[in-house]
Amino acid sequence: MKNAIQRITEIGILPVANVKKAEWSEPLAQALIDGGIPAIEVLARSEGAMQAVHTMKMNHPELTVGAGTIMTVKDAAKAVEAGAGFIVSPGYDQKLVDACNSWDIPIIPGCTTATELQMAYVSGLRLVKFFPTEAAGGLKAMVDYAGPFGGMKFLPTGGIALDNLETYLSNSKIGACGGSFVAPKDYLEREDFSSITEKCRFARRAALGFRLAHIGINHGSREEAEKNASLLCKIFNLLPVEHTSCVFAGTAVECNDFQGPGEKGHIGFKTFSMVRALAWLEELGVELREDYRKYDADGNLSCVYLKDEIGGFAIHIVK
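All values reported here derive from a predicted model rather than from experimental measurement.

Colleague: I'm lost on the overall build of the chain in this one. Help?
Modeller: Regarding its fold elements, the chain presents 12 helices and 16 strands. Based on the C-alpha atoms only, the size of the chain along its principal axes is roughly 70 × 40 × 35 Å. Scored against the burial criterion, the 319 residues of the chain give a buried share of 49%. In the chain, the share of contacts with a sequence separation of at least 24, taken over all contacts with a separation of at least 6, comes to 60%. Put simply, the chain shows about 15300 Å² of open surface, and 54% of that area lies on carbon and sulfur atoms. Counting 32 positive and 38 negative side-chain charges, the chain places the centres of these two groups 3 Å from one another.

Colleague: How should I be thinking about the layout of surface pockets in this particular structure?
Modeller: Leftover empty space is mapped by rolling, across the atoms, a probe with the size of a water molecule. Here the largest pocket defines a volume of roughly 990 Å³. Considering the residues around the largest pocket, the lining is formed by 40 residues, among which T9, K153, S172, S273 and V275 are closest to the centre. Breaking the lining of the largest pocket down by element, the ones donating at least two residues are α1 (4-11), α5 (94-103), α12 (274-284) and β15 (301-305). Top contributing element to the lining of the largest pocket by residue count: α12, with seven residues. Its residues assigned to classes, the lining of the largest pocket comprises 19 nonpolar, 11 polar and 10 charged.

Colleague: How should the sheet that holds strand β16 (residues 313-318) be read in this particular structure?
Modeller: As a general point, the strands of a sheet are linked pairwise by backbone hydrogen bonds and lie either parallel or antiparallel. Strand order across the open sheet formed by eight strands is β10-β11-β12-β9-β13-β16-β15-β14, with mixed pairing between neighbours. If you trace the sheet from one side to the other, it starts and ends with β10 (240-242) and β14 (294-295), each paired once. Across three bridges, strand β9 (residues 211-217) lies against strand β12 (residues 253-256) in parallel orientation. The partner of G216 across the bridge, within β12, is E254. Where helix α11 (residues 222-236) meets the sheet, its contacts fall on β10, β11 (246-249) and β12, and the angle it forms with β11 comes to roughly 5°. The sheet strands contacting α12 are β15 and β16, and the helix crosses β15 at an angle near 30°.

Colleague: Can you walk me through the packing of aromatic side chains in this structure?
Modeller: For any pair of aromatic rings, the description consists of the separation of the ring centres together with the inter-plane angle of the planes. Tallied over the entire structure, the rule returns four aromatic pairs. In textbook terms, an aromatic cluster arises when at least three aromatic residues are bridged by ring pairs, as seen for F130, Y145 and F154. Here K129 stacks its cationic end above the ring of F131, 5.1 Å away from the centre of that ring. Lying across the ring of Y187, R190 places its NZ or CZ 4.6 Å from the centre.

Colleague: Explain the nonpolar core to me, please; I cannot follow it from the model alone.
Modeller: Grouped burial of nonpolar side chains is what soluble globular proteins tend to show. Residues L28, I87 and I196 are the most contacted members of the largest nonpolar core, which totals 72 residues. In terms of residue count, the dominant contributor to this core is helix α10 (residues 193-208) (six residues). In contact with I87, other than residues within four places in its own chain, are A67, I70, A76, A79, V80, C100, I105, P106, I107 and I108. Ranked by size, the runner-up nonpolar core spans eight residues in total, among them M274, L301, L306 and I317.

Colleague: Teacher, can you tell me more about the packing of helix α2 (residues 25-34) against α10 here?
Modeller: When two helices pack together, their arrangement is given by the angle between their axes and by how far apart the axes lie. For the pair α2 and α10, interaxial distance at closest approach is 8 Å and the crossing angle is 30°. By the angle between their axes, α2 is roughly parallel relative to α10. Considering how the two elements wind past one another, α2 and α10 form a crossing that is right-handed. Packed against α2, whose contacting residues are P27, L28, A31, L32 and D34, the element α10 presents F193, I196, T197, C200 and R201 at the interface. Its residues assigned to classes, the contact of α2 with α10 shows seven nonpolar, one polar and two charged.

Colleague: Just to check I follow, could you spell out the pairing of strand β7 (residues 153-156) for this structure?
Modeller: Regular strands show a simple pattern: their side chains alternate between the two faces of the sheet. As defined by bridge partners, strand β6 (residues 127-130) adjoins β7 across four bridges and the pair is classed as parallel. Bridging across to β7, V128 finds its partner in F154. Note on the crossover from β6 through helix α7 (residues 138-146) to β7: the handedness is right-handed.

Colleague: Could you clarify how one ought to interpret the side chain of S273 in this entry?
Modeller: Structurally, the position occupied by S273 is in the loop between β13 (265-270) and α12. Polar contacts involving the side chain of S273 include one to the main-chain amide nitrogen of V275, which spans 3.3 Å. Among all residues touching S273, those that are not within four sequence positions of it are L208 and K319.

Colleague: Looking at this model, I keep getting lost on a nonpolar patch on the surface. Mind explaining?
Modeller: On the surface, a nonpolar cluster with roughly 300 Å² of combined accessible area is contributed by L212, I215, I217 and F269. Broken down by element, the residue count for the nonpolar patch peaks at three residues, all from β9. By the secondary structure assignment, I217 is in strand β9. On the basis of relative accessible area, I217 is assigned to the partly exposed category, the value being 33%.

Colleague: In this structure, what is going on with the pairing of β9? I would like to understand it.
Modeller: Sheet analysis places β9 next to β13, joined by six bridges and oriented antiparallel. Paired with R211 across the bridge in β13 is K270.

About the thresholds
Residues numbered from 1 in each chain as written. Predicted model: local features only at pLDDT ≥ 70, side-chain atom pairs only at ≥ 80, totals over all residues. Heavy atoms only, no water. Helix = DSSP H or I, 4+ residues; strand = E, 2+ residues; numbered from the N terminus. Buried < 20%, exposed > 50% of the residue type's maximum accessible area, 1.4 Å probe, protein only. Contact = heavy atoms within 4.5 Å. Areas by Shrake-Rupley, 256 points an atom, 1.4 Å probe, with all protein chains shown as cover. Lys, Arg positive; Asp, Glu negative; His and termini not counted. Charge placed at Lys NZ, Arg CZ, Asp CG, Glu CD. 1 Å grid on protein atoms, 1.4 Å probe; cavity = no way out; pocket = protein on both sides within 12 Å on 5 of 7 lines; lining within 4 Å. Points joined across faces, edges and corners; volume = space filled by probe spheres on them. Nonpolar A, V, L, I, M, F, W, Y, C, P; charged D, E, K, R; others polar. Pairing = 2+ DSSP bridges. Axes fitted to C-alpha atoms, helices over the stretch in contact; angles between N-to-C directions. Phe/Tyr/Trp six-rings, centres within 6.5 Å; stacked < 30°, edge-to-face > 60°. Lys NZ or Arg CZ within 6 Å of the ring centre and 35° of its normal. Core = buried A, V, L, I, M, F, W, Y, C linked by side-chain atoms within 4.5 Å. Parallel < 35°, antiparallel > 145°, perpendicular 65-115°, else oblique. Left-handed = near helix turned anticlockwise from the far one by under 90°. Right-handed = clockwise from strand over helix to strand, strands pointing away. Polar contact = N/O pair within 3.5 Å; in protein donor to acceptor, adjacent residues only side chain to side chain. Patch = residues over 30% accessible without salt bridge, like charges linked within 9 Å, V, L, I, M, F, W, Y side chains within 5 Å. Salt bridge = Lys/Arg side-chain N within 4 Å of Asp/Glu carboxyl O.

Read these as geometric descriptors, not functional statements.
Written as structure tokens, this is what we have:
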């Protein structure tokens, strides 16, 4: 079973909400699920927060529910008893981290200094909250910190909005982005859950970052591939790029000199994160080919093909 940290990084978005009223729990949970973001950090700032955690988890087991703004071991214990699958704290407290580790409950503590990051790293944590993001140095600070702390991912919150999501999520050091931008306070207070669903859909698209990479066309010979690549370059004023088994017309069209995957060729899509992309495809029930997989120098998957063709074209995803 996937733990909370794995699910949060697969989704790429962690909504944060102050659920002041118990009656908000059910429609908010459904809005998040319908919007493709089945995760939430419920802020422990109101009397009904733990009841909201319990209600959401009981009614929607597919929802990854955690508790935030947790300050003490006592508060964490109450949250876990209510059903929280993870804990988020604004700062780093070793007693709180040790307690969560002993309970086998993931914790995402706030870390904005090298000292805090080192303590988190030594404690076995690989995802930490970076708050307040903009005031603490933003993306540059996190990238700089990632150097000495290999494998550490960041969850930036504070200053994150729908219009800068892609800037953060396109960087491999960002595990996910957190904030109230998909479930703002005013939307909750006027119970506008349909708009929350729409914001979730926008945010999930931003986290995936799918873009057309190129189109590949199969040919029976090198001569035929070069001829068509040359024609495309002439018409669209592109530069030809020679490769061992293909010729690119600029970066948009790949003219293969062999019968590659796909009856007619292939369509390549790029993504910000193969982890998020594969999780998305799994949710949709889309099957992948076990062959034609490529890996980068670090052993991470960098290219994979969908099992089924679309319109005679194989479809692959690249990082």
